[in-house]
Protein chains: 2
Amino acid sequence: MSMLESEQTKLQETNNYVPKQPSHIECSIEKALDVIGGKWSFLVIRELFNGTKRFGELQRTISSVSPKSLTDTLRHLEENGVLERTAYPTVPVTVEYKLTPKGDDLHQMIKAMKLWAAKWY
Amino acid sequence: MSMLESEQTKLQETNNYVPKQPSHIECSIEKALDVIGGKWSFLVIRELFNGTKRFGELQRTISSVSPKSLTDTLRHLEENGVLERTAYPTVPVTVEYKLTPKGDDLHQMIKAMKLWAAKWY
DNA sequence: CAGTATCCCTCCAGATACTG
DNA sequence: CAGTATCTGGAGGGATACTG
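Residues numbered from 1 in each chain as written. Chains lettered and ligands numbered in written order. Predicted model: local features only at pLDDT ≥ 70, side-chain atom pairs only at ≥ 80, totals over all residues. Heavy atoms only, no water.

Peer 1: Let's hear about helix H7 (residues 106-120) of chain A: which residues, and what values?
Peer 2: If you check H7(A), its first and last C-alpha atoms are 22 Å apart, about what 15 residues at 1.5 Å a residue would give, namely 21 Å. Taken as a whole, H7(A) has its buried residues at A:Leu106, A:Met109, A:Ile110, A:Ala112, A:Met113, A:Trp116 and A:Ala117. All buried residues of H7(A) lie within an arc of 150° about the axis, which places them on one face of the element. Exposed residues pointing more than 90 degrees away from the buried face of H7(A) are listed as A:Gln108, A:Leu115, A:Ala118 and A:Lys119. Looking at the buried residues of H7(A), the elements they touch are helix H2 (28-36), helix H3 (41-49) and helix H6 (101-104) of chain A together with helix H1 (29-36), helix H5 (101-104) and helix H6 (106-120) of chain B. (Helix = DSSP H or I, 4+ residues; strand = E, 2+ residues; numbered from the N terminus. Expected span 1.5 Å × (residues − 1). Buried < 20%, exposed > 50% of the residue type's maximum accessible area, 1.4 Å probe, protein only. Arc of directions from axis to C-beta. Contact = heavy atoms within 4.5 Å.)

Peer 1: Please provide a residue-by-residue account of the relation of the copies chain A and chain B, values included.
Peer 2: After a rotation of 180° and a shift along the axis of 0.1 Å, chain A superposes on chain B with an RMSD of 0.1 Å. The superposition operator between the copies reduces to a two-fold rotation axis. Measuring from the rotation axis to each C-alpha of chain A, the shortest distance belongs to A:Gly37, at 2.8 Å. (Least-squares fit on C-alpha atoms with pLDDT ≥ 70 in both.)

Peer 1: So what's going on with helix H5 (residues 67-79) of chain A? Residues and values would help.
Peer 2: Residues and elements named next belong to chain A. The end-to-end C-alpha distance of H5 is 18 Å, a good match for the 18 Å that 13 residues give at a rise of 1.5 Å each. Of the residues making up H5, those classed as buried are Leu-70, Asp-72, Thr-73, Leu-74, His-76 and Leu-77. Tucked into the core, H5 has its buried residues touching H2, H3, helix H4 (55-61), strand E2 (83-88) and strand E3 (94-99). Just beyond H5, the residue with positive phi is Gly-81, at close to 70°.

Peer 1: Residues and numbers for the pattern of salt bridges, please.
Peer 2: If you walk through the whole model with that rule in mind, you get eight salt bridges over all chains. One salt bridge in this structure joins B:Lys119 and A:Asp105, with 3.4 Å as the shortest N-O distance. Taken together, the residues span two chains, with B:Lys119 in helix H6 and A:Asp105 in the loop between H6 and H7. The exposed category is assigned to B:Lys119, whose relative accessible area is 56%. On the basis of relative accessibility, which here comes to 22%, the residue A:Asp105 falls in the partly exposed class. Note that B:Glu47 and B:Arg46 form a salt bridge whose closest N and O atoms lie 3.8 Å from each other. (Salt bridge = Lys/Arg side-chain N within 4 Å of Asp/Glu carboxyl O.)

Peer 1: Account for the interface of chain A and chain B, naming residues and giving values.
Peer 2: Between chain A and chain B, the contact holds 36 residues from the first and 36 residues from the second. Scanning the region where chain A abuts chain B turns up two salt bridges. Across the contact surface, chain A and chain B share eight residue pairs in polar contact (both at pLDDT 80 or more). Of all the secondary-structure elements, those providing two or more residues to the side of chain A that touches chain B are H2, H3, H6 and H7 of chain A. The greatest single-element share of the side of chain A that touches chain B, amounting to eleven residues, is contributed by H7(A). (Polar contact = N/O pair within 3.5 Å; in protein donor to acceptor, adjacent residues only side chain to side chain.)

Peer 1: Before we move on, could you go through the nonpolar core and cite the residues and values that matter?
Peer 2: By size, the foremost hydrophobic cluster in this structure holds 58 residues, and its most contacted members are A:Leu106 and B:Leu106. Sequence-distant contacts of A:Leu106, defined by excluding residues within four places in its chain, comprise A:Val35, A:Ile36, A:Ile45, A:Phe49, A:Val82 and B:Trp116. (Core = buried A, V, L, I, M, F, W, Y, C linked by side-chain atoms within 4.5 Å.)

In structure tokens form, the structure reads like this:
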């Protein structure tokens, strides 16, 4: 709890993305929604299901999301332990994003969503 | 461009603001997120899993959501065919909300979300 | 290349008041 | 009881310019 709190506070101070949600997360499912409920979150995760991607790749494939919004989304997912950021000290810099096991494990959940949507749409 | 077309049905072509979603819904999963991704949507659905509820009941159980937000949420879910509104001509009016089969069928999806959350939190 | 730093504006969420 | 009507702050998010 205290960790979450400090993260939230830090996010607000730096004017970064703070996901919309009721002020109290009373149910564990809210955490899942917090992770994939953002405007761009799911699209990023979907890209990363196909493997490691770089910042520029994501920006190009995801309908020209602005760098600011993409950064905010990536930070939020990273703080939730869903993806991992790796910077290589090349010139110029190379940064790669990949899903963590926790992120990979979203697959079942997203599959269930896909099943529901396929059935009713 | 005509600014005021029917708002919810033409998500794909409009350049207008679409809340919480990229302007193009390219993937069926986006529909699932559209249904449960709202700030209050999931909480309402969760209540209705326990059976038919009235407006006032929902308002009381869901941490004092404002009537406007609750109405907006209920309308949105109704338009998506997830729940059903029934008004009885009593005095004063009695209105009941219950999940449709489509809404009941969200159960698997939500179960998957719960499993993921339980595993990682 | 992969981001920051700004500016700016849209636009909902929530509060409040009112009503059939 | 079950909603509408109305107002508003401030955050969400885009555009652009800049940088290590």
